[in-house]
Amino acid sequence: MSTWGQLNLIDAASPLQSEMFLFHDHAIVLLLGIFSLVAILGVKLTFNKFTSHTMLEAQSLETIWTIIPALLLLWLALPSLRLLYLLDEQSNSGIVLKSTGHQWYWSYEIPFTQSLSFDSYMVPESDLNHGDFRLLEVDNRATVPFQMETSVITTSADVLHAWTLPSMGVKMDAVPGRLNSMSMFVEKPGVYYGQCSEICGANHSFMPIVVEAVSLKDFVNYLEGAE
Amino acid sequence: MSAVEKNAEYEELKKKIWCPPFDARFPNQNQTRNCWQNYVDYFRCQKIKGEDYAPCEYFKKVYTHLCPGFWVEQWDDQRENGVFPGKI
């Protein structure tokens, strides 16, 4: 069911997604300003009775209406570039989560004293429990600690896939033969959902991504228990 | 548990996890070569310094953290069969 809350971007669970949310608002302010100005000018020009047959050039006006849009573009470009470079920052602390795309499921590896590896398949609709999300639940969730950097390294075993977690502001193509890394900082404990975001074949829609963020203590216990 | 104890516990837990540090040769999103180079370096290091040379283990630590398991298996097979394309 659609709700009003879905009109906006997804709730941010990482600093980068918060930044992107702010940048979205920043850009929307500019867009609304331009839209309002153009709309008002359009209406005024259409309905006013004053016309000038003699005005052929207006140097100062042209200078102003060149400089102002240039400044507005700069106002948009600088925060955008800052964000672009922020998104590219790589973490060197915390943990590594390796995700490999397959047709059509994700497999994960978490390196610890021994590497923990498992496949993550979507739970079919017939097996869902009450309250589960259709087409989003998986049998094995990837687990990461919160309040800590996670370096997600993604690749594919067959065709292009894309590992995505909207609430973390993370989306990266999984390319066969290539390792793509991205940094993710989960702020809050919780279960976060994403979907494969690169058309990868018949069951592209049925290979969701679920990440469970737990405390570092629980994370280490989980890994030690799995060994 | 006091804040100090909690902090100490957290620091202890942090010691158990590890992530490869930044490598200036591979500053980009693309880490393929980082994984490959550390794999090659590990076996090259063992070949030159001997299998018991402890510092070589660092390369292994890095490549096991970066490389997908199925890549490593494939390369191990290639080395066994003498068809590994890298210089070891």
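Conventions and cut-offs
Residues numbered from 1 in each chain as written. Chains lettered and ligands numbered in written order. Predicted model: local features only at pLDDT ≥ 70, side-chain atom pairs only at ≥ 80, totals over all residues. Heavy atoms only, no water. Helix = DSSP H or I, 4+ residues; strand = E, 2+ residues; numbered from the N terminus. Rg over C-alpha atoms; globule rule 2.2 N^0.38 Å. Buried < 20%, exposed > 50% of the residue type's maximum accessible area, 1.4 Å probe, protein only. Contact = heavy atoms within 4.5 Å. Areas by Shrake-Rupley, 256 points an atom, 1.4 Å probe, with all protein chains shown as cover. Lys, Arg positive; Asp, Glu negative; His and termini not counted. Charge placed at Lys NZ, Arg CZ, Asp CG, Glu CD. pLDDT = per-residue confidence, 0-100. Disulfide = S-S within 2.5 Å. Patch = residues over 30% accessible without salt bridge, like charges linked within 9 Å, V, L, I, M, F, W, Y side chains within 5 Å. Salt bridge = Lys/Arg side-chain N within 4 Å of Asp/Glu carboxyl O. 1 Å grid on protein atoms, 1.4 Å probe; cavity = no way out; pocket = protein on both sides within 12 Å on 5 of 7 lines; lining within 4 Å. Points joined across faces, edges and corners; volume = space filled by probe spheres on them. Nonpolar A, V, L, I, M, F, W, Y, C, P; charged D, E, K, R; others polar. UniProt positions renumbered as here; feature names shortened; annotations may be inferred. Axes fitted to C-alpha atoms, helices over the stretch in contact; angles between N-to-C directions. Parallel < 35°, antiparallel > 145°, perpendicular 65-115°, else oblique. Left-handed = near helix turned anticlockwise from the far one by under 90°. Phe/Tyr/Trp six-rings, centres within 6.5 Å; stacked < 30°, edge-to-face > 60°.

**Brief notes about the overall build of chain A**
Scanning chain A from terminus to terminus reveals three helices and 10 strands. For a compact globule of 227 residues, the expected C-alpha radius of gyration is about 17 Å, and chain A comes in at 24 Å, more than 25% above that figure. Along the first, second and third principal axes, the C-alpha set of chain A runs to 85 × 40 × 35 Å. Within chain A, the fraction of its 227 residues that count as buried is 35%. A separation of at least 24 residues holds for 65% of the contacts in chain A among residues at least 6 apart in sequence. About 13300 Å² of surface is accessible on chain A, with carbon and sulfur atoms providing 62% of the total. Side chains of chain A give 10 positive and 23 negative charges; the mean places of these two sets differ by 9 Å.

**Some details on the confidence of the model for chain B**
Chain-level pLDDT for chain B is 92 on average; 100% of the residues reach the 70-or-more range. Interface scoring of the predicted complex returns ipTM 0.90; its pTM is 0.87.

**A look at the state of the cysteines**
All names here are of chain A. One pass over the structure, following the stated rule, counts two disulfides over all chains. With no disulfide of its own, Cys196 lies closest to Cys200 among cysteine sulfurs, the gap being 3.8 Å. You can call Cys200 buried: its relative accessible area is 4%.

**Here we look at a nonpolar patch on the surface**
Residues and elements named next belong to chain A. Together, Ile34, Leu37, Val38, Leu41, Leu45, Ile64, Ile68 and Leu72 give the surface a local cluster of nonpolar side chains, amounting to about 740 Å² of exposed area. Mapped by element, the contributors of at least two residues to the nonpolar patch are helix 1 (15-47) and helix 2 (59-87). Looking at the nonpolar patch, the element that brings in the most residues is helix 1, giving five residues. With respect to the helices and strands, Ile64 occurs in helix 2.

**Brief notes about empty space enclosed by the protein**
This model, assessed by the stated rule, comprises two cavities of 30 Å³ or more. Its volume calculated, the largest cavity comes out at about 170 Å³. Lining the largest cavity are 16 residues; nearest its centre among them are Ser91 and Asn92 of chain A together with Pro20, Pro21 and Gln31 of chain B. For the lining of the largest cavity, the residue count by class is eight nonpolar, seven polar and one charged. What lines the second largest cavity is simply Ile95, Val96, Ile110, Pro111 and Phe219 of chain A together with Ile17 and Trp18 of chain B. Split into classes, the residues belonging to the lining of the second largest cavity amount to seven nonpolar, no polar and no charged.

**Some points on the UniProt feature "domain: Cytochrome oxidase subunit II copper A binding" (unreviewed entry) in chain A**
Within the UniProt annotation, "domain: Cytochrome oxidase subunit II copper A binding" (unreviewed entry) is assigned to residues 92-225 of chain A. The annotated region residues 92-225 of chain A carries 7% helix and 46% strand content, and the separation between its end C-alpha atoms amounts to 25 Å.

**Looking at the environment of Leu116 of chain A**
Residues and elements named next belong to chain A. Of note, Leu116 is situated in strand 3 (residues 116-120). When its relative accessible area of 17% is taken as the criterion, Leu116 is described as buried. For the pair formed by Leu116 and His24, sequence separation is 92 residues and the distance between their alpha carbons is 38 Å.

**Some words on the packing of helix 2 (residues 32-49) of chain B against helix 4 (residues 69-80) of chain B**
All names here are of chain B. Closest axis-to-axis distance for the helix 2/helix 4 pair is 12 Å, and the angle between their directions is 40°. With respect to each other, helix 2 and helix 4 are oriented oblique. Every pair of crossing elements has a handedness; the one defined by helix 2 and helix 4 is right-handed. On the side of helix 2, the interface is formed by Thr32, Cys35, Trp36, Tyr39 and Phe43, while helix 4 contributes Trp71, Val72, Trp75, Asp76 and Arg79. Taken together, the residues that form the contact of helix 2 with helix 4 break down as seven nonpolar, one polar and two charged.

**Focus: the packing of aromatic side chains**
All told, the structure shown has 16 aromatic pairs over all chains when counted by the stated rule. On the basis of an interplanar angle of 85° and a centroid distance of 5.2 Å, the ring pair of Phe133 of chain A and Tyr193 of chain A is categorised as edge-to-face. Placement of the pair is Phe133 of chain A in the loop between strand 3 and strand 4 (142-145) and Tyr193 of chain A in strand 9 (residues 190-195), with a sequence separation of 60 residues. Classification of Phe133 of chain A as partly exposed rests on a relative accessible area of 43%. The exposure class assigned to Tyr193 of chain A is buried, which follows from its relative accessible area of 18%. Geometrically, the ring pair formed by Trp18 of chain B and Tyr58 of chain B is edge-to-face, given 6.3 Å between the ring centres and 85° between the ring planes.

**Some remarks on the pattern of salt bridges**
Using the criterion set out here, one finds 10 salt bridges over all chains in the structure. Taking the shortest distance from any N to any O, the salt bridge between Glu137 of chain A and Arg141 of chain A comes out at 3.7 Å. Assessed through its relative accessible area of 6%, Glu137 of chain A is described here as buried. With a shortest N-O distance of 2.9 Å, Arg79 of chain B and Asp76 of chain B are connected by a salt bridge. Taken as a pair, Arg79 of chain B and Asp76 of chain B lie in helix 4 at a separation of three residues, close to a single helical turn.

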